[in-house]
Amino acid sequence: MKSLIVLLGPTGVGKTELSLTIAEHYESPIISCDSRQIYKRIPVGTAAPTPEQLSRIKHYFIEILELTDYFSASRFEEETISLLSTLYQAKDTIVMTGGSMMYIDAICKGIDEIPTIDEKLRRDLFDQYQQEGIDPIRNQLKILDPDFYRQVDLKNHKRVIHALEICLMTGKPYSSLRTNSIKKRPFNIIKIGLKRDREELYSLINQRVDLMMKQGLLDEAKQVYHLRNLNSLNTVGYKELFKYFDGEWTLDFAIEKIKQNSRIYSRKQMTWFKKDTEMQWFHPSQAKEIMEYLNKMI
RNA sequence: GGUGCCAUAGCUCAGUUGGUAGAGCAACGGACUGAAAAUCCGUGUGUCCCUAGUUCGAUUCUUGGUGGCACCA
């Protein structure tokens, strides 16, 4: 039986180091599940695996995209599922790790088949939103997909715009394409969740931001400052330093904000993960217990 | 030392013509199906600095303290 070990947890909890231990034990490569480490040029601020760590184990989806490249949870699903079918020809156990909630679910549960939005349509609707506000877009959605209109968070412009994009693109109501069905995978999924007490996690996150600054985050951010409008750089660690470059914030304030936003992000991740009943939770120091648990499950 | 001003939520402050109080930020909780480190939503009991008084009733008025700030010496 083929197995996928999914190691997850909030940012800063200690996934990277433990994933190497597990991967080495099973002689598995590591599939990264991280929507920002996948990009080139921002390894420090995204806490990507170091060159030393990358040399120990073959990693997938680390620093492979240009910041300008489009990517999505669905592409991640497609590419990972196809990669897994290749890897499983030679291995029985594969390790996946990361903190991007939707990417993880895309693999473990799958997401619905929906066409990728045409770039021009997306830009046009966004322009309309900026000029006329959300109301005209809402009204159009109400006509094209009354069902979804009723359930969507009408204040969340991204959701509303996206639903309308799908309606216009496919000529069908967005809700008719949302099946919410869970895809059966041809492999066994074992989820390991890492968690720490909040105080401990916060302290590690704060320390890690200071470390990133020592490792050259400021310079890294400067190098990509001119690309600041890209979605790939709407990212904790960069958006705050961009405000410093703009002269809006002092450097110290920006660093405090990076720490704060990282803490908030870790909480959002935990909110998502908590709901997952398949998860087996451990403290990162329990490597021995984790290995015992895995050996039992595989 | 004298005079004046201030003292309200973790922070910055508003307010109560006397009927025990509210914003922003922070903090916390939640949603999440192709941009997700994104985007959005929800939650405010706090000795209204302490003390004594006036009053049916004081955080609000008065007395005396304490602390801070400013000016004068």
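Reading the values: the criteria
- Residue positions are counted from 1 within each chain, in the order its sequence is given.
- Written order decides the labels, with chains lettered from A and ligands numbered from 1.
- Selection of residues for local features in this predicted model requires a pLDDT of at least 70, selection of side-chain atom pairs for listing and counting requires 80 or more, and totals for whole chains, interfaces and linings are taken over all residues.
- Here the side-chain values reflect all heavy atoms present in the structure, with hydrogen atoms and water set aside.
- When DSSP finds two or more bridges between two strands, those strands count as paired.
- Counting from the N terminus, the helices are the DSSP runs of H or I reaching at least four residues and the strands are the DSSP runs of E reaching at least two.
- Stacked, edge-to-face and tilted are the three classes for Phe, Tyr and Trp ring pairs, Trp counted by its six-membered ring, which pair at centre distances within 6.5 Å; planes under 30 degrees apart are stacked, over 60 edge-to-face, the rest tilted.
- Using a 1.4 Å probe on the protein chains alone, a residue whose accessible area is under 20% of its type maximum counts as buried, one over 50% counts as exposed, and one in between counts as partly exposed.
- Here, over-ring charges are defined by two tests on the NZ atom of lysine or the CZ atom of arginine: distance to the ring centre within 6 Å, and angle to the ring normal within 35 degrees.
- Two N or O atoms count as a polar contact when they lie within 3.5 Å, although within protein this holds only if one can serve as hydrogen donor and the other as acceptor, and sequence-adjacent residues are included solely when both atoms are side-chain atoms.
- Near, as used in this document, describes a residue that has one of its heavy atoms within 4 Å of the molecule or strand being considered.
- For salt bridges, the criterion is a side-chain nitrogen of Lys or Arg within 4 Å of an Asp or Glu carboxyl oxygen.

Engineer: Describe the sheet that holds strand 1 (residues 3-8), with residues and values.
Structural biologist: Read from one edge of the open sheet, 6 strands run 3-2-4-1-5-6, paired in parallel fashion. Of all strands in the sheet, those with a lone pairing partner are strand 3 (59-60) and strand 6 (280-282), marking the two edges. As defined by bridge partners, strand 2 (residues 30-32) adjoins strand 3 across 2 bridges and the pair is classed as parallel. Of the residues in strand 3, the one forming a bridge with Ile-31 is Tyr-60.

Engineer: Go over the packing of aromatic side chains, please, and point to the residues and values.
Structural biologist: Per the counting criterion, the structure on display carries 12 aromatic pairs. Here the aromatic rings of Phe-242 and Phe-245 are separated by 6.5 Å at their centres, their planes lie at 40°, and the arrangement is tilted. Of this pair, Phe-242 and Phe-245 both sit in helix 12 (residues 239-245), 3 residues apart, roughly one helical turn. Assessed through its relative accessible area of 21%, Phe-245 is described here as partly exposed. Residues Phe-282 and Tyr-293 carry aromatic rings whose centres are separated by 5.7 Å and whose planes lie at 55° to one another, so their mutual orientation is tilted. One end of the pair, Phe-282, is in strand 6; the other, Tyr-293, is in helix 14 (residues 287-297), with 11 residues separating them in the sequence. Phe-282 gets classed as buried once you look at its relative accessible area, which sits at 9%. You can call Tyr-293 buried: its relative accessible area is 14%. A connected cluster of aromatic rings, assembled from ring pairs, spans Phe-61, Phe-71, Phe-76 and Tyr-103. The lysine or arginine in question, Lys-58, covers the ring of Tyr-60, its NZ or CZ lying 4.8 Å from the ring centre. Directly above the ring of Tyr-202 sits Arg-263, whose terminal nitrogen or CZ lies 5.9 Å from the centroid.

Engineer: Can you break down unusual backbone geometry residue by residue, with the values?
Structural biologist: For Arg-41, which is not glycine, the phi torsion reads 75° and is therefore positive. Assignment of secondary structure puts Arg-41 in the loop between strand 2 and helix 2 (51-56). Positive phi outside glycine occurs at Glu-63, with the angle close to 50°. Mapped onto the elements of the fold, Glu-63 is located in the loop between strand 3 and helix 3 (73-87). For Glu-63, a relative accessible area of 28% puts it in the partly exposed group.

Engineer: Describe the side chain of Gln-37, naming the residues involved and giving the relevant values.
Structural biologist: Relative to the assigned elements, Gln-37 resides in the loop between strand 2 and helix 2. Judged by its relative accessible area of 10%, Gln-37 falls in the buried class. Of the polar contacts made by the side chain of Gln-37, one reaches the backbone oxygen of Ala-47; its length is 3.0 Å.

Engineer: How would you explain the protein's contact with RNA strand B if you had to name every residue and give the values?
Structural biologist: Inspection of the region around RNA strand B gives 46 residues, with Ser-35, Thr-116, Lys-158, Asn-180 and Arg-267 positioned closest. Here RNA strand B approaches the protein such that, of its atoms within 4 Å, sugar and phosphate make up 62%. For RNA strand B, a phosphate oxygen lies 2.9 Å from a polar atom in the side chain of Tyr-202. Where the surface near RNA strand B is concerned, the elements lending two or more residues are helix 4 (101-108), helix 8 (157-170), helix 10 (198-214) and helix 13 (251-274).

Engineer: How would you summarise the pattern of salt bridges if you had to cite specific residues and measurements?
Structural biologist: Per the stated rule, a full pass over the model turns up 20 salt bridges. Here Glu-200 ties to Arg-196 by a salt bridge, and the two come within 3.0 Å at their closest N and O atoms. Judged by its relative accessible area of 22%, Arg-196 falls in the partly exposed class. A salt bridge links Glu-248 to Lys-243; the nearest nitrogen and oxygen atoms lie 3.8 Å apart. Sharing partners across several salt bridges, the network here consists of Glu-77, Glu-113, Lys-183 and Arg-185.

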